[in-house]
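Examining the three-dimensional arrangement
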Amino acid sequence: MTQWALWGTLVNTAAVAVGALLGLGIRALTTRKKSVTTLEDGFFELPPSKAQRVVDTAKKGLGLCVLLIGISGALKIQNVLVMILSVVLGGIVGELLNLDGWLLRFGHFVQKLFKGKGSGDIAEGFISTLLACCVGAMTFTGALESGLYHTHETYYAKAILDLLTAVVFALSMGSGVLISAVGLFLVQGSLTLIVVVAGSAIPMAVAAEMMAVGSLLLMTIGTNMLGATKIKVMNFVPAMLFPLGLTPLFTFLFS
């Protein structure tokens, strides 16, 4: 069953649901209110406390794991020049388009759109969690990995991150976080199915280069989580598309 293209998405969805239920359970057992204060790299943090230190430690441990996954995938690169040009050109395109800035503005717009509606915290929890868990390089890299190779290491790592995120969100925003699991399944499932359909038209050599570039982006997510860098990873997402043209070009020029 793990060879099913949507298996990684299903695991990720289940993780968000479990995290939301844990958060709701803790919220029901305690009267102490916890407020979300910051958002960085898709992860919300609570005010400093013992629980926060535990979450920070877990986050850094996961950052090491994400870094390892990224390194192992990036080392499978067949043509280093393709990776270099893809990352440089993709980063330039992303920076010119300011994808990271557009993402932040979109998130603020959606949250303002739903703020004060009759659904209250449910809408806020749904939208906030969906944005935090679905928008980012891991979502796209995981879709490529699951759709092309039917392996799911990226979504497994993302599932643990999203579980922790869902716990924190549910503590402060309630049941809307649980509903967001459905939205996550629809978003990631749709992306994966698109890759499955389009993947038959992508030569395996090109797909391998795309995954290697995506794995390099995972490394930057890992270093961001460790606090070693503050790279706007979203601006580098276009880099995963450049091997579509660069790989055939280099094969033609050097064959």
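One structure accompanies this document, and this report is about it.

What counts as what
Residues numbered from 1 in each chain as written. Predicted model: local features only at pLDDT ≥ 70, side-chain atom pairs only at ≥ 80, totals over all residues. Heavy atoms only, no water. Helix = DSSP H or I, 4+ residues; strand = E, 2+ residues; numbered from the N terminus. Expected span 1.5 Å × (residues − 1). Buried < 20%, exposed > 50% of the residue type's maximum accessible area, 1.4 Å probe, protein only. Salt bridge = Lys/Arg side-chain N within 4 Å of Asp/Glu carboxyl O. Phe/Tyr/Trp six-rings, centres within 6.5 Å; stacked < 30°, edge-to-face > 60°. Arc of directions from axis to C-beta.

A closer look at helix α6 (residues 137-149)
For an α-helix, the turn length of 3.6 residues means that residues three or four places apart are oriented alike. The terminal C-alpha atoms of α6, which comprises 13 residues, lie 18 Å apart, in line with the 18 Å expected from a rise of 1.5 Å per residue. Of all the 13 residues making up α6, 11 are buried; the element is thus mostly covered by neighbouring parts of the structure. Within the sequence span of α6, burial applies to A137, M138, T139, T141, G142, A143, L144, E145, S146, G147 and L148. Phi turns positive one or two residues past the end of α6, at H150, with a value near 55°.

Section: the pattern of salt bridges
Counting across every chain of the model gives one salt bridge. Across the salt bridge formed by K158 and D162, the nearest N and O atoms sit 2.7 Å from each other. Pair noted here: K158 and D162 are both in helix α7 (residues 153-173), with a separation of four residues, about one helical turn. For the pair shown, K158 and D162 are each scored as buried.

Structural notes on the packing of aromatic side chains
Tallied over the entire structure, the rule returns one aromatic pair. Centroid distance F250 to F254: 5.7 Å. Interplanar angle 25°. Geometry classified as stacked. Placement of the pair is F250 and F254 together in helix α10 (residues 243-254), with a separation of four residues, close to one helical turn. A relative accessible area of 11% means that F250 is categorised as buried.

A look at helix α3 (residues 80-97)
The first and last C-alpha atoms of α3 sit 25 Å apart over 18 residues, in line with the 26 Å expected at 1.5 Å per residue. Listed in full, the buried residues belonging to α3 are V82, M83, S86, V87, G90, G91 and G94. Down the axis of α3, the smallest arc covering the buried residues is 145°, so these residues share one side.

On their own, these measurements won't tell you what the molecule is for.
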